[in-house]
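In case you want the letters, here they are:
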Amino acid sequence: MFGLFKKFKDGFAKTVSAIAAKTAAIFGQKPIDASSLETLEEALYTADFGVETTEEILAEIKAAYKKDKALHGQQAAQIGAAVLKRVLAGAEGVLTEAAAKPTVIAMIGVNGSGKTTTSAKLAWKLKEDGKTVTLAACDTFRAAAVEQLKAWATRLELEIVASHTGADSAAVAFDAWQAAKSRERDYLIVDTAGRLHTKSNLMQELAKIRRVLQKHDASAPQHRWLVVDGSLGSNSIEQAKAFHQSFGLTGLIVTKLDGTSRGGALVGIYRQLKLPIYFLGLGEQAEDLQPFSVDNYVKAVFGLE
Ligand SMILES: Nc1nc2c(ncn2[C@@H]2O[C@H](COP(=O)(O)OP(=O)(O)OP(=O)(O)O)[C@@H](O)[C@H]2O)c(=O)[nH]1
């Protein structure tokens, strides 16, 4: 458990230091004062927690401060943590398996959000957990994507079904499902090409992948996850809404949180979309994909351990 928390803390290092640089003094202060509350507000905005969450945290700390002018910084931190936990109630995605194998997970999103990398990392993680997994290289659009996924598959000894760049992505998905089914694999992870949510022809291609999978199994893909680049902060919200409308998302993966100080943005994304967050990308290595834990997230960003 401690190891997992350390991963979170290290993964959020930039967000932690952006907030902690300002809040360490406040949360260590006894008692806090009005100017430290202003500094806290600034820090929360900088980390991209957004207006609603920042104001809620501030309002509760201020109310407590009004009642008790001797409020310790640590108590303020606990109040802030409690608000965040309340806001994030229900945000933890728990991966479930479909009644019939394989459970299909489709990774979708805009260009470069981390779909290919995340597909490989997730396949590896599930394999480590004792599951059997097939990867479907359905990003047949970006020149290097198939090779990139194949390279991960070779390195991590993962099973992959791939065609060539330019091939029909839905056909690859169809074949990959069949392969996973006949080999009785637990999971099929479908990597798709990046696309702008505003391009309707590309959004239709996604719908085609879904239709083709449904020929095999009406409930597939059971998990339709949007892979969001966490370093883009709250800018991802509109994009996520558009994908949700046209593909019916069931969850989120937020990547590249290790490279940003805007790690608060996932709170806003969750608030707006109310889609569970299944995993976080906290680095470029296979083991850097971590299940989202509200507890660890809150503790990490507030420096509570
Ligand atoms: N630091 C960091 N880098 C990441 C993370 N996830 C992905 N990346 C990097 O982001 C870049 C883009 O990732 P890809 O997996 O190729 O993105 P993609 O969504 O498949 O891209 P397209 O197919 O073009 O849409 C790569 O250099 C990855 O190594 C993460 O959690 N942390």
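This one's a predicted model, so the numbers in the text were calculated from it and none came from an experiment.

Chemist: Describe the overall build of the protein, and please don't skip the residues or the numbers.
Modeler: Along its length, the protein carries twelve helices and eight strands. Viewed in the frame of its principal axes, the protein has a C-alpha envelope of about 65 × 40 × 35 Å. Per-residue burial over the protein gives 48% buried out of 305 residues.

Chemist: Describe the sheet that holds strand β1 (residues 103-108), naming the residues involved and giving the relevant values.
Modeler: Ordered in space as β3-β2-β4-β1-β5-β6-β7-β8, the eight strands form an open sheet in which the pairing is mixed. Single-partner strands in this sheet number two, and they are β3 (159-161) and β8 (289-291). Strand-to-strand twist in this sheet, taken as the mean axis angle between neighbours without regard to direction, amounts to 25°.

Chemist: If you had to explain the site of the ligand to someone new, which residues and values would you point to?
Modeler: Within the structure, the ligand sits among 22 residues, and Gly 114, Thr 116, Thr 117, Gly 194 and Gly 281 are positioned closest to it. No other element matches helix α6 (residues 115-128), which puts three residues into the shell around the ligand. Classifying every residue of the shell around the ligand by side-chain character gives three nonpolar, twelve polar and seven charged.

Chemist: Would you mind going over the packing of α6 against helix α7 (residues 145-156) in detail, with residue names and values included?
Modeler: Two elements in contact, α6 and α7, have axes whose closest approach is 10 Å; the angle formed by their N-to-C orientations is 20°. Here α6 lies roughly parallel to α7, going by the angle between them. Crossing handedness for the pair α6 and α7: right-handed. Facing Thr 116, Ser 119, Ala 120 and Trp 124 of α6, the residues of α7 in contact are Ala 145, Gln 148, Leu 149, Trp 152, Ala 153 and Leu 156.

Chemist: Now, about the environment of Glu 92: what can you tell me, with residues and values included?
Modeler: Looking at the element boundaries, Glu 92 is found in the loop between α5 (73-87) and β1. Judged by the 16 C-beta atoms lying within 10 Å of it, Glu 92 is partly exposed. Separated by 184 residues in the primary sequence, Glu 92 and Pro 276 have C-alpha atoms spaced 5.5 Å apart. Those residues within four positions of Glu 92 in sequence are excluded, and the remaining contacts are Pro 276, Phe 292, Ser 293 and Val 294.

Chemist: Account for the confidence of the model for the protein, naming residues and giving values.
Modeler: Of the residues in the protein, 97% reach a pLDDT of 70 or more, and the chain-wide mean stands at 90. Interface confidence for the predicted complex, expressed as ipTM, amounts to 0.96; the pTM equals 0.92.

Chemist: Provide a residue-level description of the UniProt feature "domain: SRP54-type proteins GTP-binding" (unreviewed entry) in the protein, including the pertinent values.
Modeler: The feature "domain: SRP54-type proteins GTP-binding" (unreviewed entry), as annotated in UniProt, sits at residues 276-289 in this numbering. Segment residues 276-289 splits into 0% helix and 43% strand. End C-alpha atoms: 16 Å apart.

Chemist: Tell me about the pairing of strand β2 (residues 133-138), and name the residues and values.
Modeler: The two faces of a sheet get side chains in turn, since along a regular strand they alternate between them. Of all the six residues making up β2, six are buried; the element is thus mostly covered by neighbouring parts of the structure. Burial along β2 is two-sided: the residues Val 133, Leu 135 and Ala 137 and Thr 134, Ala 136 and Cys 138 are all buried. Sheet analysis places β2 next to strand β4 (residues 187-192), joined by six bridges and oriented parallel. Across the sheet, residue Cys 138 finds its bridge partner in β4, namely Thr 192. Relative to β3, β2 is paired through three bridges, and the arrangement is parallel.

Parameters at a glance
Residues numbered from 1 in each chain as written. Predicted model: local features only at pLDDT ≥ 70, side-chain atom pairs only at ≥ 80, totals over all residues. Helix = DSSP H or I, 4+ residues; strand = E, 2+ residues; numbered from the N terminus. Buried ≥ 20, exposed ≤ 12 C-beta atoms within 10 Å, placed from the backbone. Pairing = 2+ DSSP bridges. Axes fitted to C-alpha atoms, helices over the stretch in contact; angles between N-to-C directions. Near = placed C-beta within 6 Å. Nonpolar A, V, L, I, M, F, W, Y, C, P; charged D, E, K, R; others polar. Parallel < 35°, antiparallel > 145°, perpendicular 65-115°, else oblique. Left-handed = near helix turned anticlockwise from the far one by under 90°. Contact = placed C-beta atoms within 7 Å. pLDDT = per-residue confidence, 0-100. UniProt positions renumbered as here; feature names shortened; annotations may be inferred.

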